[in-house]
Every structure is written in structure tokens, then in C-alpha cells.
Amino acid sequence: MLAVGALGLGLVLAACSGSTTSSTSAPQSQATPSAAAPSATPAASSSPGLIGSFALPSFTGDKALEARLPHQIGGTTLQVVSFSGQEMLASGDQTTKPFTDLLQQLGKSPSDVSFALAADPSGKVQVVIAALKVAGADSNQVAQRFVSESQAQASGATVTQATVGGKAVTKVVEGGSPNATYVYPSGDVMFMVQAPSDDVAGQALSAIS
């Protein structure tokens, strides 16, 4: 899904490829099957889901931001990881361009940013939850720019307003995609939930604090 991939999951891969330290005990997350994380240690097994599995290296992280994401959905424990804006930009490749463009528009630097991601590496729970924090920025403004960028990059993307899981969200659906991305701004954090239905997204959104 472009909306998360352009400024979310792609940043995880960028951070992985830019990291020089890997850890076999680090949490496992997922990435698009066609993308590889050069410095990441492959997981022992890979299960079908929204994204294939790999082991993430150690990051500086933002534990407070991680705490705002759900760590369990429907009895399934999610893997949660977070990292800094500097770690996002470590690789310097094109996957980070939407992120750097957004920061320039907001007048912010990587040191103002932290990012967290929660997902089920087994693929049992078909949802990915991300949180992008830009210190001192209005998350509504961040969300507006993010959605505009998604529409510009995805031909046929549709954008609607909805209430899902008790949260007022912007729902972005790329033409032909089985999943939607639900964008929920709160304070200085923009949350993004990628899921195949409102019911699944609602479980994640209702658990966001």
C-alpha cells in the first residue's frame, strides 16, 4: 500500500540497510516481499501476510512512542520497533525521499522525528500500525501533506473521511489494492494503520492511546 510504503515501511527498510549493527534478538517486523534488507539477519521462517519477515537490527528507538501502539490484537502479540529520524535517513536512498521532502515542507530536521511500527510477523493478524512523531508539528498538517503525497503517487487512489474504531480517520485506498491505509492524527503524532477491512483496522485504532 503506497500510503504506508512511501513514508512508513520503506523507512524501516532504509533504516535496516543503513545500520551497521544487527541483533538476532531484535524484534522481527516485516517488509514487502520484493524488497531486501541487506544488513538484516533473515528470520528462521517466513509466513505469508501483508509483508514478509526479517530480523531488525538494534535501533535507538522511542519507547514512549512504542507504548502508544497496540502490542496485542485479538490475543496475538505484535512485534514493536522504533527508531530515530537519523536512523531513517541512514541509507540515503530513494525510499527516504518522501520523508525528507515532508521534513523540508515542515521546516523540521531528522532530530525532530521518531518512528514506531507494530506488526504480526506470523501474518495471522493482517494489520500494520505505524506512528510518525514530528516534535512541535501539528499532526493534522503532517497528515494532510502525507495524504496529498499518497494521492499524487498512486493513480486511482481514493480518499474518504470515516470513523473507525472510535477514531476520526482519513481512509486512503489505492486502486486494485486489497488493503486500505487509515490515517489518524493526534497531537504531534500521525498514526497509520494498514488493514484489509474497517473491522480489522478498528481493532488497531481503538487500541491506540
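Up top you'll find the structure we're talking about.
Residues numbered from 1 in each chain as written. Predicted model: local features only at pLDDT ≥ 70, side-chain atom pairs only at ≥ 80, totals over all residues. Heavy atoms only, no water.

## Things to note about the packing of helix H4 (residues 97-106) against helix H5 (residues 139-153)
Phase 1: Across the interface, H4 lies against H5 with an axial gap of 11 Å and an inter-helix angle of 135°. It follows that H4 is oblique to H5 by the angle criterion. Considering how the two elements wind past one another, H4 and H5 form a crossing that is right-handed. Contacts between H4 and H5 involve Pro 98, Leu 102, Gln 105 and Leu 106 from the former and Gln 141, Val 142, Arg 145 and Gln 153 from the latter.
Phase 2: For the contact of H4 with H5, the residue count by class is four nonpolar, three polar and one charged. (Axes fitted to C-alpha atoms, helices over the stretch in contact; angles between N-to-C directions. Helix = DSSP H or I, 4+ residues; strand = E, 2+ residues; numbered from the N terminus. Parallel < 35°, antiparallel > 145°, perpendicular 65-115°, else oblique. Left-handed = near helix turned anticlockwise from the far one by under 90°. Contact = heavy atoms within 4.5 Å. Nonpolar A, V, L, I, M, F, W, Y, C, P; charged D, E, K, R; others polar.)

## Some thoughts on the sheet that holds strand E11 (residues 189-195)
Phase 1: Sheet architecture is open: seven strands sit in the order E5-E6-E7-E11-E10-E9-E8, paired in antiparallel fashion. One side of each edge strand has no neighbouring strand; the edge strands of this open sheet are strand E5 (79-84) and strand E8 (158-164). In this sheet, adjacent strand axes meet at a mean angle of 20° when their direction is disregarded.
Phase 2: With respect to the sheet, H5 is in contact with strand E7 (128-134), E8, strand E9 (167-173), strand E10 (180-186) and E11, its orientation differing from that of E10 by roughly 160°.
Phase 3: Contacting E7, E8, E9, E10 and E11, helix H6 (residues 198-207) crosses the sheet at an angle of about 150° to E11. (Pairing = 2+ DSSP bridges.)

## Digging into the pattern of salt bridges
Phase 1: A complete count under the given rule lists two salt bridges for this structure.
Phase 2: For Glu 66, the salt bridge identified is with Lys 63, shortest N-O distance 3.5 Å. Taken together, the residues Glu 66 and Lys 63, both in helix H2 (residues 63-67) and three residues apart, mark about one turn of the helix.
Phase 3: Accessibility expressed as a relative area gives 63% for Lys 63, which makes it exposed.
Phase 4: For Lys 171, the salt bridge is made with Asp 198, and the minimal N-O distance between the two is 3.0 Å. With Lys 171 in strand E9 and Asp 198 in helix H6, the pair connects residues that are 27 residues apart, well separated along the chain.
Phase 5: Take Asp 198: its relative accessible area is 34%, and that puts it in the partly exposed class. (Salt bridge = Lys/Arg side-chain N within 4 Å of Asp/Glu carboxyl O. Buried < 20%, exposed > 50% of the residue type's maximum accessible area, 1.4 Å probe, protein only.)

## Observations concerning the packing of aromatic side chains
Phase 1: Throughout the structure, instances matching the rule amount to two aromatic pairs.
Phase 2: The interplanar angle of 45° and the centroid separation of 5.5 Å between the aromatic rings of Phe 83 and Phe 115 together place this pair among those described as tilted. Separated by 32 residues along the polypeptide, Phe 83 in strand E5 and Phe 115 in strand E6 (residues 113-119) bring together distant segments of the chain. Exposure class is identical for Phe 83 and Phe 115. Each is buried.
Phase 3: On the numbers, 6.0 Å between centres and 20° between planes, the contact of Tyr 184 with Phe 191 is stacked.
Phase 4: Assessed through its relative accessible area of 15%, Tyr 184 is described here as buried.
Phase 5: Taking the relative accessible area as the measure of exposure, Phe 191 reaches 0% and is therefore buried. (Phe/Tyr/Trp six-rings, centres within 6.5 Å; stacked < 30°, edge-to-face > 60°.)

## Observations regarding the pairing of E8
Phase 1: Sheet analysis places E8 next to E9, joined by seven bridges and oriented antiparallel. What sits directly across from Thr 163, in E9, is Ala 168.
Phase 2: The turn linking E8 back onto E9 is made up of two residues, and Gly 165 within it adopts a positive phi angle of 60°.

## Describing H4
Phase 1: Along H4, the residues classified as buried are Pro 98, Phe 99, Leu 102, Leu 103 and Leu 106. Buried residues of H4 fall within an arc of 135° about the axis and therefore sit on the same side. (Arc of directions from axis to C-beta.)

## A look at the environment of Val 142
Phase 1: Within the secondary structure, Val 142 is located in helix H5.
Phase 2: On the accessibility criterion, Val 142 (3% relative accessible area) is buried.
Phase 3: Each C-alpha atom of the pair Val 142 and Asp 188 lies 8.8 Å from the other, and the pair is 46 residues apart in sequence.
Phase 4: Residues in contact with Val 142, not counting those within four places in the same chain, are Leu 102, Leu 106, Leu 132, Ala 137 and Met 190.

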